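# A closer look at the structure
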Amino acid sequence: MSKFLWSYLLISPAVLGATLVVSSSAMAADAQQAADALNPAVAKAETAETSEAKLNALAAVSETTAASEPVEEISQVAGNETQAAMADVATAAPESAIVGANTAPAEANPQAASQPTSEALAAVETTVAQPVENSAPAAQLETPAPAATALPEQIGAVQLETPAPAVAESAEQSLPKPAESVAQTAGPQEQNPATTLEQLNQYSTEGAAGGETEGQVTSVSQLSDVRPTDWAFQALQSLVERYGCIAGYPDGTFRGNRAMTRYEFAAGLNACLDKVSELIRGGTGNFATRDDLAALQRLQEEFAAELATLRGRVDALEARTSELEANQFSTTTKLTGEAIFALSDDFGGNVGLFGRDERRLGSDNNEAVFQQRVRLNLNTSFTGRDLLLTRLQVGNGRNFNLGATSEGTQTWNVVGRTDNVVALDTLLYKFPVGQRLNVSLIANAGVWDDIMPTVNPYFEDFDGGNGALSAFGQRNPIYRLGGGAGIGFDYAFGGRGLLGGVFGPTSLSFGYLASNAASPVKGAGLLNGDYAAMGQLTFTPGRNLQVAFNYNHGYFNRGNFGFDNGLGNGIDNLGGFTGTGAANSLNGLSEGFDGFGARKVVTNSYGAQASLRLSPRFILGGWAGLTNARILGIGDAKIWNYAVTLALPDLGKEGNLLGLVVGREPYLDKLEASSSLRSFRNDDSYHVEGFYKFQLSDNISVTPGVIWVTNPNQDDRNDDIIIGTLRTTFTF
């Protein structure tokens, strides 16, 4: 009978459904042995009746199959030879095995790997898996998969995709292999374990890579190509509705005529065994019949090698996991880091004529420099959804001596100390409240890009070494007004209401940061010192467009105003990581000068930024910002900035990036003050930046680039700033 059964399994995996309906749970067979021993006569009679019923059922299957439509032939041979071979399999061969058609897994689109893992345009995209005909395995029996918990690198607002520090591995797309013909194989004990494991690995990725598997169906009527007149209809109905271990394809089909491999069968059998075990443990009354158990036991014996290999893989993974857990740095913390080596030189001339008294503060004697900065990030998660970020930073990246301007500042120059002293940089804790709200508690060196998206993919790298070279090229400068310790909120509207329904996925971000929150002295502290409050609405109307509008209100004590992340250099010390000296000092009025004391400043800033992906390898972006500054006791001033960016990712090689930035760093446009205080020059001062990041490996990139600033400090009497840089970035 077994040979007769397997000969039909060669025709179609639908026969598997007919066998599995009578092979549901071998676990209860032992329970019947004791009853048989007590009543041998009854057991003998039942056995005889069972054998007769099986033969009748198989005969009925044979007749139905003969009358049904012919199925696809797996291999073509001469007619007489085929009949003789099948007769030999059914009656004479001592053992038979099935080698079904084997298809290569449908690999993921390699283009997907070229997208940066954090590029914000895809963060809000709904992915719909499309079926790939004849490239995935047959409708699969569901198998439980272990859940994987990933440590969140950042819990933020609805974001565009941002470039990941490591290059994602590309996936290769392969075509289906031609079906193999039916053949005899060695018994399980003669099979090569390495080959068995390789084939199991291949099967485990079939269908999943192409996204072809569907969620568990609950009724056989959900399978559009299965009809009540089909000879295996009752078998499928039992597997679906009784045992729940059959899944279809996303298009709602079962594809019962598709050939299968022994490994597919072994995995499916294992799924049904797990389901039967669950039913028995749950004490359900829907037990399998005695015939089911007997047939299932035979299947277990036939596929013992494959099932043993599956269990061996699980045991090996558990052993490896235990070893990693025993030797890891921490059960809750992951260490990541970045090191920047930068070779730079200034090829410009004299700069730095200060507009108020025309003192020349710059120099044309800048030498070539070799600078570095290292960041170590301790990313800790206690629940799998939260993040405690502790960043240590050290570097020696001093700015070039460019006098009274902060234009051309590069990202590794954004560091508190430049004397190679390790210092605590960012310290924050992010956690979710419900499904839509994320909260950020920031204890040290917080900046606005820790709370809200800056909508500048590929260029934004949080002042790191994989984006733009300059601090200006990373984001709209109004994100640099204020910083320190405080709190931030980010609420995602999703697809509900006016905002989510009309404008696409939308987020509202808000935060408060105090620059001297730890100081108890008068005029400082969390509420009585320098502070900034900022809110932002981020819209994503489509998968290729994102737009954000923000507002920043700030208060700065004497000498502390500037686009400097809330660093606050104090009186007589020009600050800022971007912008002209006239803008960062409000023509010297916030810093003070001979005969004039420094003044406090209150600001209201407005910004708009957008990013448009015209194609996966052509991203256009830009921003504009206006800062209305009130110099207390003096008057008002206006500071503008704007830029246009162009990113060409994967140019020449996957992971590479060509970037262009053209715009104006923050410049003082108007100043309402007495005639003796409002004299300043306002010549057009443009920032032009180009760089090409070449990805040597997943962890190393080299970026040559140039920064060109015309009319520095908005004064055409100054020579242009031309900075050449070769940056090497190591990420780990």
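Because the structure is predicted, anything quoted here is derived from the model rather than measured.

## Describing helix 8 (residues 233-243)
All buried positions along helix 8 are accounted for by F233, A235, L236, S238, L239, V240 and Y243. Once helix 8 finishes, G244 follows within two positions and takes phi at roughly 65 degrees, a positive value.

## What to know about the side chain of K430
On the secondary structure map, K430 appears in strand 4 (residues 423-433). For the buried residue K430, which engages in no salt bridge, the nearest side chain bearing the opposite charge is D450, 6.3 Å off. Reaching out from K430, the side chain makes a polar contact with the backbone oxygen of D450 at a distance of 2.4 Å.

## Topic: the packing of aromatic side chains
Under the defined criterion, the tally for this structure stands at 15 aromatic pairs. When the centroid spacing of 5.2 Å and the interplanar angle of 85 degrees are considered together, the rings of Y491 and F493 count as edge-to-face. For Y491, a relative accessible area of 34% puts it in the partly exposed group. Classification of F493 by relative accessible area gives partly exposed; the value is 21%. Put simply, the rings of F341, F370 and F730 pair up and form one aromatic cluster. It is R664 that lies over the ring of Y667; its NZ or CZ is 3.6 Å from the centre. Over the ring of Y686 we find R664; its NZ or CZ atom is 5.7 Å from the centre of that ring.

## Looking at a nonpolar patch on the surface
A grouping of L335, L376, L392, V422, L424 and F732 is seen on the molecular surface, where their side chains present a nonpolar patch of about 520 Å² in accessible area. As for its position among the elements, L424 is in strand 4.

## Some thoughts on unusual backbone geometry
Comment: phi is negative for the bulk of residues other than glycine, and the bulk of peptide bonds are trans. Even without a glycine there, the phi angle at Y458 is positive, about 75 degrees. Structurally, Y458 can be placed in the loop between strand 5 (437-446) and helix 12 (471-474). A positive phi angle, near 60 degrees, is found at N587, a position not held by glycine. As for its position among the elements, N587 is in the loop between helix 15 (581-585) and strand 10 (601-615).

## Re the pairing of strand 1 (residues 333-346)
Of all 14 residues in strand 1, ten are buried, a share of seventy percent or more. One ladder, built from twelve bridges, connects strand 1 with strand 2 (residues 369-380); its direction is antiparallel. Counterpart to I340 in the pairing with strand 2 is R373. Relative to strand 16 (residues 721-731), strand 1 is paired through nine bridges, and the arrangement is antiparallel.

## Things to note about the packing of helix 8 against helix 9 (residues 262-281)
It is at 11 Å that the axes of helix 8 and helix 9 come closest, and there the two elements cross at 45 degrees. The pairing of helix 8 with helix 9 is recorded here as oblique in orientation. Crossing hand, helix 8 versus helix 9: left-handed. Judged by residue contacts, L239, R242 and Y243 of helix 8 engage C272, K275, V276 and L279 from helix 9. Of the residues belonging to the contact of helix 8 with helix 9, the class tally is five nonpolar, no polar and two charged.

## Quick look at helix 11 (residues 304-327)
Taking 1.5 Å of rise per residue, the 24 residues of helix 11 would be expected to cover 34 Å, and the 35 Å separating its terminal C-alpha atoms lies within 8% of that figure. Buried residues of helix 11: A305, E306, L307, T309 and L310, and no others.

## Side note on the pattern of salt bridges
Counting across every chain of the model gives 15 salt bridges. R681 is the partner of D716 in a salt bridge, and the nearest nitrogen-oxygen pair spans 2.9 Å. Here the residue D716 occupies a position in the loop between strand 15 (700-709) and strand 16, and R681 occupies one in the loop between strand 13 (657-671) and strand 14 (687-695), the gap between them amounting to 35 residues. Take R681: its relative accessible area is 31%, and that puts it in the partly exposed class. Here D715 and R717 are joined by a salt bridge, their closest N and O atoms 3.0 Å apart. When its relative accessible area of 1% is taken as the criterion, D715 is described as buried. It is possible to trace a salt-bridge network through shared partners that takes in D449, E460, D463, R475 and R480.

## A short note on the confidence of the model for the protein chain
Summing up the model confidence of the protein chain, the mean pLDDT is 74 and the portion of residues at 70 or higher is 66%. Low pLDDT, under 50, characterises residues 1-191; the predicted model gives this stretch 349 contacts beyond four residues in sequence or across chains. Low pLDDT, under 50, characterises residues 199-214; the predicted model gives this stretch 55 contacts beyond four residues in sequence or across chains.

## Describing the nonpolar core
With 30 residues, the main nonpolar core has W448, F561, L586, I639, L668 and L671 as its most contacted residues. Going through the elements one at a time, strand 8 (531-542), helix 15, strand 11 (618-631), strand 12 (635-649) and strand 13 are the ones with two or more residues in this core.

## Quick word on the side chain of E460
Looking at the element boundaries, E460 is found in the loop between strand 5 and helix 12. In this structure E460 comes out as buried when scored by relative accessible area, which is 3%. At 2.9 Å, the side chain of E460 forms a polar contact with the side chain of T454.

## Brief notes about the packing of helix 9 against helix 10 (residues 290-302)
Contact geometry for helix 9 and helix 10: axes closest at 11 Å, N-to-C directions at 135 degrees. As the angle between them shows, helix 9 and helix 10 are arranged oblique. Seen along the crossing, helix 9 lies across helix 10 with a hand that is left-handed. Counted together, R262, F265, L269 and L273 of helix 9 and L296, L299, Q300 and E302 of helix 10 form the full contact between these two elements. Here the residues of the contact of helix 9 with helix 10 are counted per class, giving five nonpolar, one polar and two charged.

What counts, and at which threshold
- Residues numbered from 1 in each chain as written.
- Predicted model: local features only at pLDDT ≥ 70, side-chain atom pairs only at ≥ 80, totals over all residues.
- Heavy atoms only, no water.
- Buried < 20%, exposed > 50% of the residue type's maximum accessible area, 1.4 Å probe, protein only.
- Helix = DSSP H or I, 4+ residues; strand = E, 2+ residues; numbered from the N terminus.
- Lys, Arg positive; Asp, Glu negative; His and termini not counted.
- Salt bridge = Lys/Arg side-chain N within 4 Å of Asp/Glu carboxyl O.
- Polar contact = N/O pair within 3.5 Å; in protein donor to acceptor, adjacent residues only side chain to side chain.
- Phe/Tyr/Trp six-rings, centres within 6.5 Å; stacked < 30°, edge-to-face > 60°.
- Lys NZ or Arg CZ within 6 Å of the ring centre and 35° of its normal.
- Patch = residues over 30% accessible without salt bridge, like charges linked within 9 Å, V, L, I, M, F, W, Y side chains within 5 Å.
- Areas by Shrake-Rupley, 256 points an atom, 1.4 Å probe, with all protein chains shown as cover.
- Pairing = 2+ DSSP bridges.
- Axes fitted to C-alpha atoms, helices over the stretch in contact; angles between N-to-C directions.
- Parallel < 35°, antiparallel > 145°, perpendicular 65-115°, else oblique.
- Left-handed = near helix turned anticlockwise from the far one by under 90°.
- Contact = heavy atoms within 4.5 Å.
- Nonpolar A, V, L, I, M, F, W, Y, C, P; charged D, E, K, R; others polar.
- Expected span 1.5 Å × (residues − 1).
- pLDDT = per-residue confidence, 0-100.
- Core = buried A, V, L, I, M, F, W, Y, C linked by side-chain atoms within 4.5 Å.

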